[in-house]
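Spelled out, the chains give:
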Amino acid sequence: MLILAFESSCDETAVAVVRDGRTVLSDAILSQVDVHALYGGVVPEIASRKHVEAIAALSDRALAEAGVTREDIDAVAVTCGPGLIGALLVAVNFAKSAALALGKPLIPVHHLRGHIAANYLAFPALEPPFLALCISGGNSMIVDVAGYTDMTILGATRDDAAGECFDKIARVLGMPYPGGKAMDDLSRGGDPNKYPLPRAKLEHELDMSFSGLKTAAVNLVHNAQQKGEELDLPGLAASVTAAVSDELVPRTMEAARRTGRKILVAAGGVAANRTIRGDLERACGASGIKLYLPPLSLCGDNGAMIGSQAYYEYLAGTRGDSSLNAFANLEI
Ligand code: KG4
């Protein structure tokens, strides 16, 4: 089954053709990151406009690169949430029109389910049940994936996402948006104990929090700037990264202990972080848990992951129609 999949939830326009949920025939992505870097973060209205400009040509490119025609497509899939509402609406409306014009089923897909499904593309043998640690610019959560379309959130951030925390701290250090990768690079060789930063303790033990850490690091930078003190930047990046990892990894291991799951997958842009990947590897190794870390190319937003999850949604009977809407917030 060939699925034409659309994604426009944030600042990447992406269109892919995926066969049977597992084989990527094409994965065309147009990032707007350079435009938003001028403003230090995503400007929603600009994101929507850029999606409108790109989506038609990008879908032609995805079909051409896959070596298929519109008539070969069996279903059309689209991210319907969560994300920036104006941005989401672009692909939702384009996909609705495409499905109507082609006379094919329309499959709405949850963005984070897509991030988890990126692992099906990278690891052909991977099947639920497993645990997923979803860490991106907008979300951070531990999800129990009992089946391809049967998911329960075990813990989630109470405030900012892990990626947001990296990006905002990077911004006060003068790094361009999105600063997660730059923080990762800067942290190499830095002392993770250089600056004491807070770790959150929450009543619900599997929930996490990043806003206290973000504020503490931002204040630390501002204080140093006001006093004219020089900061050990690799040490600061390493200390921030260690604090983020401490927020994520022990809770994920605790979730594995409670559920008895023996497989863990990581998903989302922050899953590209070297320290977090290393910490997950060590913790899983010590607990006898098989860990799947997606390749960096599949960590960020892409259309292929939406095409993958859409196949399993299709098998489960999920369908959209011309009344399909986009949702800024959407339960997994
Ligand atoms: O999944 P994604 O591409 O978009 C969302 O759906 O949010 O994630 C983007 C986030 C940004 O916050 C970015 O700074 C962060 O992932 N990120 C990283 C790294 N690469 C990307 N954060 C830490 N370390 C990295 N290597």
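Quick caveat: nothing in here was measured; it's all calculated off a predicted structure.

Rules used in this analysis
Residues numbered from 1 in each chain as written. Predicted model: local features only at pLDDT ≥ 70, side-chain atom pairs only at ≥ 80, totals over all residues. Heavy atoms only, no water. Buried < 20%, exposed > 50% of the residue type's maximum accessible area, 1.4 Å probe, protein only. Helix = DSSP H or I, 4+ residues; strand = E, 2+ residues; numbered from the N terminus. Pairing = 2+ DSSP bridges. Right-handed = clockwise from strand over helix to strand, strands pointing away. Patch = residues over 30% accessible without salt bridge, like charges linked within 9 Å, V, L, I, M, F, W, Y side chains within 5 Å. Areas by Shrake-Rupley, 256 points an atom, 1.4 Å probe, with all protein chains shown as cover. Salt bridge = Lys/Arg side-chain N within 4 Å of Asp/Glu carboxyl O. Lys, Arg positive; Asp, Glu negative; His and termini not counted. Charge placed at Lys NZ, Arg CZ, Asp CG, Glu CD. Axes fitted to C-alpha atoms, helices over the stretch in contact; angles between N-to-C directions.

Visitor: I'd like to hear about the pairing of strand E9 (residues 263–267), residue by residue, with values.
Guide: Burial of E9 is extensive: four of the five residues sit out of reach of the surface. Relative to E9, strand E6 (residues 130–135) runs parallel, the two being bridged by four bridges. Across the sheet, Leu133 pairs through a bridge with Ala266, a residue of E9. Between the parallel pair E9 and strand E10 (residues 290–292), the chain is carried across by helix H9 (residues 274–287), and the sense of this crossover is right-handed.

Visitor: Any chance you could break down a negative patch on the surface for me, citing the residues and the numbers?
Guide: Where like charges cluster on the molecular surface, the negative patch consists of Asp20, Glu71, Asp72 and Asp74. Judged by relative accessible area, which is 34%, Asp74 ranks as partly exposed.

Visitor: Describe the sheet that holds E9, and please don't skip the residues or the numbers.
Guide: In space, the five strands of this open sheet follow the order E8-E7-E6-E9-E10, with mixed pairing throughout. Looking at the sheet topology across the chains shown, the edges are occupied by strand E8 (150–156) and E10. On average, each strand axis in the sheet is tilted by 25° relative to the strand beside it, whichever way the strands run.

No statement about biological role is implied by the geometric values presented.
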